[in-house]
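Next come the chains, spelled out residue by residue.
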Amino acid sequence: ILQRIRENMEQAIIGKPDTVDLVLTALVCRGHVLIEDVHGVGKTTLVASLARSLDCSFKRIQFTPDVLPSDVTGYNQYDLQTGPPRFVPGAVMSQIILADEINRCSPKTQSALLEVMAESQVTVDGVTYPLPQPFMVLATQNPVEFVGTFPLPEAQVDRFLLRISMGYPSHEDGVKILQKHLTGSQPVAALEPVASATDVTDLQKAADAITCAKPVMEYVTRIVEATRTHDDIVLGVSPRGAISLTRAAQGWALLRGAGFVTPDDVQKMAVPALAHRIVLRPQAAVSRDSAADLVTRIVRQIPVPAFA
């Protein structure tokens, strides 16, 4: 199933196998993804290719400052002639959600996504409505645009299992992209579903069954604890971050066909699962150390557990 989805997505996403695999890792872990990169590198295409590959409902929310929380979660419509209020579902009532340019909506609207992403449900006027399963939010934002944007608060960013970036294509991949797009065809539009919602649910159950030995859990804990005592980090990784790293490692193990988590899986997932959860001190910015650099350095310093 995973190979079918991967091959289908790669018909539209050229030269980014690791990025595709990270998205699939979040999918099997019931996680959400923040795609942070400059415009025009294929963020929206990545999400659309995933949605096209799955026989699941899909909605795109184009965030702007005038988008209201009720546009996202839904609202009760009152009609004095018909009697009781009627719930009008919001855009989030779908299985795959593209939150495009999420940092362009107001903090109030951003906060409306907190319950949605954490609990897979929305509450309107005291009534809770479950979201369809499987449910996944893939949000995009441009890290270099600041005019008309509202930076995501730490509590919101912490709800994302992984933060990934696309990056520019290589020379060869750039040529392939031109060849695909200059013939008048739309690679994403040509994709057909290759997996059902039931297939995704089965994959998620398979990820749950991946074994994580106690030495690996201790390894994850030591990495997380090191972020809390590092001189260049003012806010380290929370227990939720440790859980996210372990879950992501389970998902990566599933993608490589293993039945258990290894330290290599933890190392592979450390940066996308942890870098967006730490807050740097000002001196780190002066030395031009990024959060990803610090996480990478910490992982290299933590002894890898040995297995008999």
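Before any of the text, the structure's been laid out above.
What counts and how
- Residue positions are given per chain, counting from 1 as you read along its sequence in written order.
- This being a predicted model, a pLDDT of at least 70 is required before a residue's local features are given, and a value of 80 or more before pairs of side-chain atoms are given or counted; all residues contribute to the totals for chains, interfaces and linings.
- Side-chain numbers come from the whole structure's heavy atoms, not from hydrogens or water.
- A run of H or I in DSSP becomes a helix once it reaches four residues, and a run of E becomes a strand once it reaches two; helices and strands are each numbered from the N terminus.
- Only protein chains enter the accessibility calculation, which uses a 1.4 Å probe; a residue is then buried when its area is under 20% of its type maximum, exposed when over 50%, and partly exposed in between.
- A contact between two residues is defined here by any heavy atoms of the two lying within 4.5 Å.
- Two N or O atoms count as a polar contact when they lie within 3.5 Å, although within protein this holds only if one can serve as hydrogen donor and the other as acceptor, and sequence-adjacent residues are included solely when both atoms are side-chain atoms.
- Note on aromatic pairs: the rings of Phe, Tyr and Trp (six-membered ring only in Trp) are paired at centre separations within 6.5 Å, and the planes decide the class, stacked below 30 degrees, edge-to-face beyond 60, tilted for the rest.
- One speaks of a salt bridge when a side-chain nitrogen belonging to Lys or Arg is within 4 Å of a carboxyl oxygen belonging to Asp or Glu.
- Here, a strand pair is defined by DSSP locating no fewer than two bridges between the strands.
- Simply put, an axis is a line fit to the C-alpha atoms, just over the touching stretch for a helix, and the angle between two N-to-C directions goes from 0 to 180 degrees.
- Asp and Glu are treated as the negative residues and Lys and Arg as the positive ones, with His and the ends of the chain left uncounted.
- Only protein atoms enter the calculation, which uses a 1 Å grid: trapped sets of points that fit a 1.4 Å probe without letting it out are cavities, open sets showing protein on both sides within 12 Å along at least five of seven lines are pockets, and any residue with an atom within 4 Å of a point is a lining residue.
- Grid points are joined across faces, edges and corners, and a volume is the space filled by probe spheres set on the points.
- Only Asp, Glu, Lys and Arg are considered charged in this grouping, and only Ala, Val, Leu, Ile, Met, Phe, Trp, Tyr, Cys and Pro are considered nonpolar; every other residue, Gly among them, is considered polar.
- Here a crossing is called left-handed whenever its near helix is offset anticlockwise from the far helix by less than a right angle, and right-handed whenever the offset is clockwise.

Please give an account of the environment of Tyr78 that cites residues and values.
Relative to the elements of secondary structure, Tyr78 occurs in strand 4 (residues 74-79). Judged by its relative accessible area of 59%, Tyr78 falls in the exposed class. Note: C-alpha distance between Tyr78 and Ala207 (129 residues apart in sequence) is 44 Å. Those residues in contact with Tyr78 that sit more than four places away from it in its chain are Pro85 and Asp125. Among the polar contacts listed, one links the side chain of Tyr78 to the side chain of Asp125, at a separation of 3.4 Å.

How would you sum up the packing of aromatic side chains? Please name residues and give values.
Applying the stated rule across the entire model yields one aromatic pair. Between the aromatic rings of Phe87 and Tyr129, the centroid separation amounts to 3.9 Å while the plane-to-plane angle is 10°, which identifies the pairing as stacked. One end of the pair, Phe87, is in strand 5 (residues 83-89); the other, Tyr129, is in strand 8 (residues 127-130), with 42 residues separating them in the sequence. On the basis of relative accessible area, Phe87 is assigned to the buried category, the value being 18%.

Could you give an account of the pattern of salt bridges, with specific residues and numbers?
Inspection of every chain in the model, using the stated rule, returns 11 salt bridges. Put simply, Asp158 and Arg277 hold a salt bridge, and the shortest N to O gap is 2.7 Å. Placement of the pair is Asp158 in the loop between helix 6 (154-157) and strand 10 (162-164) and Arg277 in the loop between helix 11 (263-274) and strand 13 (279-280), with a sequence separation of 119 residues. With relative accessibility at 12%, the residue Asp158 sits in the buried group. Arg277 gets classed as buried once you look at its relative accessible area, which sits at 7%.

Account for the sheet that holds strand 1 (residues 33-36), with residues named and values stated.
Judged by pairing direction, the sheet is parallel, and its five strands sit side by side in the order 3-6-9-1-10 without closing on themselves. Bordering the open sheet on either side are strand 3 (58-62) and strand 10, each of which pairs with just one other strand. Shown here is a sheet whose adjacent strand axes are inclined to one another by a mean of 15°, direction ignored. Two elements, strand 6 (residues 96-100) and strand 9 (residues 136-141), share four bridges in a ladder whose sense is parallel. Paired with Ile96 across the strands is Met136, a residue of strand 9. Helix 2 (residues 17-28) contacts strand 1, strand 9 and strand 10 of the sheet and is inclined by roughly 165° relative to strand 10.

Before we move on, could you go through the side chain of Asp173 and cite the residues and values that matter?
Inspection of the secondary structure puts Asp173 in helix 7 (residues 171-181). With no salt bridge to any partner, buried Asp173 finds its closest opposite charge in Lys176, at an N-O distance of 4.4 Å. Discounting residues that sit within four places of it in the chain, Asp173 has contacts with Ile14 and Gly15.

Break down the layout of surface pockets for me, citing the residues and quoting the values.
Computed from the structure, the largest pocket encloses a volume of approximately 690 Å³. Along the walls of the largest pocket sit 26 residues, with Glu36, Leu152, Val157, Arg163 and His276 positioned nearest its centre. Secondary-structure elements contributing two or more residues to the lining of the largest pocket are strand 1, helix 6 and strand 13. Residues that form the lining of the largest pocket fall into these classes: 13 nonpolar, seven polar and six charged.

Outline unusual backbone geometry, listing residues and values.
In this structure, the amide linkage connecting Gln133 to the following residue, Pro134, adopts the cis form with an omega of -5°. Looking at the secondary structure, you find Pro134 in the loop between strand 8 and strand 9. In this structure, Arg30 takes a positive phi of about 60° despite not being glycine. Its place among the elements puts Arg30 in the loop between helix 2 and strand 1.

Tell me about the packing of helix 11 against helix 13 (residues 291-301), residues and numbers included.
Angle between the axes and distance between the axes: these two values describe a pair of packed helices. Close contact between helix 11 and helix 13 brings their axes to 9 Å; oriented N to C, the two are set at 150°. Relative to helix 13, helix 11 is oriented so that their crossing is right-handed. Two secondary-structure elements touch here, helix 11 through Gln267, Ala270, Val271 and Leu274 and helix 13 through Ala292, Val295, Thr296 and Val299. Classifying every residue of the contact of helix 11 with helix 13 by side-chain character gives six nonpolar, two polar and no charged.

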